Amino acid sequence: MRFDRRKDLLGLRDVEREEIEAVLETAVPMKDIITRDMKKVPTLKGKSIITVFYENSTRTRTSFDLAGRYLSADTPNLTVSTSSVQKGESLKDTIKTIEMMGPDVLVMRHSLSGAPHYVARNTSMRVINAGDGINEHPTQALLDMYSILERKGRLEGLKVVIVGDILHSRVARSNIFGLSKFGCELRVVGPSTLIPSDIEKLGVKAYANLEAGIRGADVINVLRIQKERQHGALFPSIDEYRELYMVKPEHLALAADDAIVLHPGPMNRGIEISTELAESSRCVVNEQVTNGVAVRMAILYLMLGGGRDEIAC
Ligand code: NCD
């Protein structure tokens, strides 16, 4: 499968390594565009990309919006909190209504795992999953992979550790699916109640001890505690979590000399990551945000028919 032939991007589980490489390569000239003074190129003029977010977002929604605009597409947003969803309209009817207005791409976030898959089967629009419940968040993982590649020069063979609320993290799942296609050594760290019991089937090694899990790591991806998805007491208290799992500068001494720290945002400073680490030069959280725009430009460009050799600049 070629990435530029896909109708939808719903997750990385079924995306091939070559497709990921196409996105990561295309994001390089896209990043060049967004660091210029004059950021707009005409490539997607006449195309429209609608974002529909049933869950809150700062980074993902804004970066899709800007990614589309930098490529000259129109990028309307449907604000779910002020839409007819609040009058009881079903997901199916809302999506059909949007489809009849003619946008080319629907970028969708929903609290239910599988919602974008259902929509994709029932619409002619291209669908990009911007996060579905605890399932996948493919564009976040692609921007994480881009950020790692940019700093490390390779993905192959890196030791990547994901720390925190693995159970509720669509970011963790998409990272695991993506990075495992590049021969990374993958580890997860967290309280056993926040690690899916069958995680090792995905080729991942699980650790309950932060120090043991971080030892020798090239990349430490720290996750937010997803308070909105904890429907029971899965760990004794925030204080205990902080004590055992907050990643601090001293942990970097256990990792590889040039280890980097990622966080998808939003950060709970002082819970999963210390402020000192969040603001250190080893933490690439701000680069991730910029790279998120470049990677989403690459995805939109490839999905909307741009050939890899002909980026109109
Ligand atoms: C993530 C998400 O929404 O899944 N955020 C993001 O897209 N940058 C992670 C999170 O909310 O913790």
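A few points on the structure. Treat the numbers as computed from the prediction; the structure is a model and nothing was measured. (Residues numbered from 1 in each chain as written. Predicted model: local features only at pLDDT ≥ 70, side-chain atom pairs only at ≥ 80, totals over all residues. Heavy atoms only, no water.)

1. Here we look at the packing of aromatic side chains
For the structure shown, the criterion picks out 1 aromatic pair. Taking 5.4 Å as the distance between ring centres and 35° as the angle between the ring planes, the aromatic pair formed by Tyr241 and Tyr245 counts as tilted. Separated by 4 residues within a single helix, Tyr241 and Tyr245 lie in helix 8 (residues 238-245), roughly one turn from each other. On the basis of relative accessibility, which here comes to 2%, the residue Tyr241 falls in the buried class. Overall, Tyr245 belongs to the buried group, its relative accessible area being 7%. We note Lys205 situated over the ring of Tyr207; from NZ or CZ to the ring centre the distance is 5.3 Å. (Phe/Tyr/Trp six-rings, centres within 6.5 Å; stacked < 30°, edge-to-face > 60°. Helix = DSSP H or I, 4+ residues; strand = E, 2+ residues; numbered from the N terminus. Buried < 20%, exposed > 50% of the residue type's maximum accessible area, 1.4 Å probe, protein only. Lys NZ or Arg CZ within 6 Å of the ring centre and 35° of its normal.)

2. Overview of the packing of helix 1 (residues 17-34) against helix 11 (residues 285-303)
Between helix 1 and helix 11, whose axes approach to 7 Å, the crossing angle comes to 120°. Taken as a pair, helix 1 and helix 11 cross one another with a handedness that is right-handed. Counting all contacts with helix 1, which are made through Ala22, Val23, Thr26, Ala27, Met30, Lys31, Ile33 and Ile34, the residues of helix 11 involved are Thr290, Asn291, Val293, Ala294, Val295, Met297, Ala298, Ile299, Tyr301 and Leu302. (Axes fitted to C-alpha atoms, helices over the stretch in contact; angles between N-to-C directions. Left-handed = near helix turned anticlockwise from the far one by under 90°. Contact = heavy atoms within 4.5 Å.)

3. Comments concerning the site of the ligand
For the ligand, the full set of nearby residues is Arg59, Thr60, Arg109, His137, Gln140, Arg170, Val171, Arg224, Gln226, Pro264, Gly265 and Pro266. Within the side chain of His137, an N or O atom sits 2.7 Å from an oxygen atom of the ligand. One nitrogen or oxygen atom from the main chain of Pro264 is found 2.9 Å from a nitrogen atom belonging to the ligand. Protein coverage of the free-state accessible area of the ligand, which is 310 Å², stands at 94%. Here the shell around the ligand is composed, by residue class, of 3 nonpolar, 5 polar and 4 charged. (Near = heavy atom within 4 Å. Polar contact = N/O pair within 3.5 Å; in protein donor to acceptor, adjacent residues only side chain to side chain. Areas by Shrake-Rupley, 256 points an atom, 1.4 Å probe, with all protein chains shown as cover. Nonpolar A, V, L, I, M, F, W, Y, C, P; charged D, E, K, R; others polar.)

4. Some thoughts on the packing of helix 2 (residues 59-70) against helix 11
At a minimum axis distance of 8 Å, the contact between helix 2 and helix 11 shows a crossing angle of 55°. Looking at the two axes, helix 2 sits oblique to helix 11. In the packing of helix 2 onto helix 11, the handedness of the crossing is right-handed. Mapping the contact onto sequence places Arg59, Thr60, Ser63, Phe64, Ala67, Gly68 and Tyr70 in helix 2 and Val289, Gly292, Val293, Arg296, Met297 and Leu300 in helix 11. When grouped by side-chain class, the residues that make up the contact of helix 2 with helix 11 number 7 nonpolar, 4 polar and 2 charged. (Parallel < 35°, antiparallel > 145°, perpendicular 65-115°, else oblique.)

5. Examining helix 6 (residues 170-180)
Of all 11 residues in helix 6, 9 are buried, a share of seventy percent or more. Regarding helix 6, its N-cap is Ser169, as a side-chain oxygen of that residue lies 3.2 Å from the backbone nitrogen of Val171 further along.

6. Some words on the pattern of salt bridges
Evaluation of the coordinates by the stated rule reveals 14 salt bridges. The shortest N-O distance in the salt bridge between Glu21 and Arg17 comes to 3.0 Å. Of this pair, Glu21 and Arg17 both sit in helix 1, 4 residues apart, which is roughly one turn of that helix. Residue Glu21 is classed as partly exposed on the basis of its relative accessible area of 25%. Between Glu279 and Arg269 there is a salt bridge, with the nearest N and O atoms lying 2.8 Å from each other. Here the residue Glu279 occupies a position in the loop between helix 10 (275-278) and helix 11, and Arg269 occupies one in the loop between strand 9 (260-262) and helix 10, the gap between them amounting to 10 residues. Accessibility expressed as a relative area gives 57% for Glu279, which makes it exposed. (Salt bridge = Lys/Arg side-chain N within 4 Å of Asp/Glu carboxyl O.)

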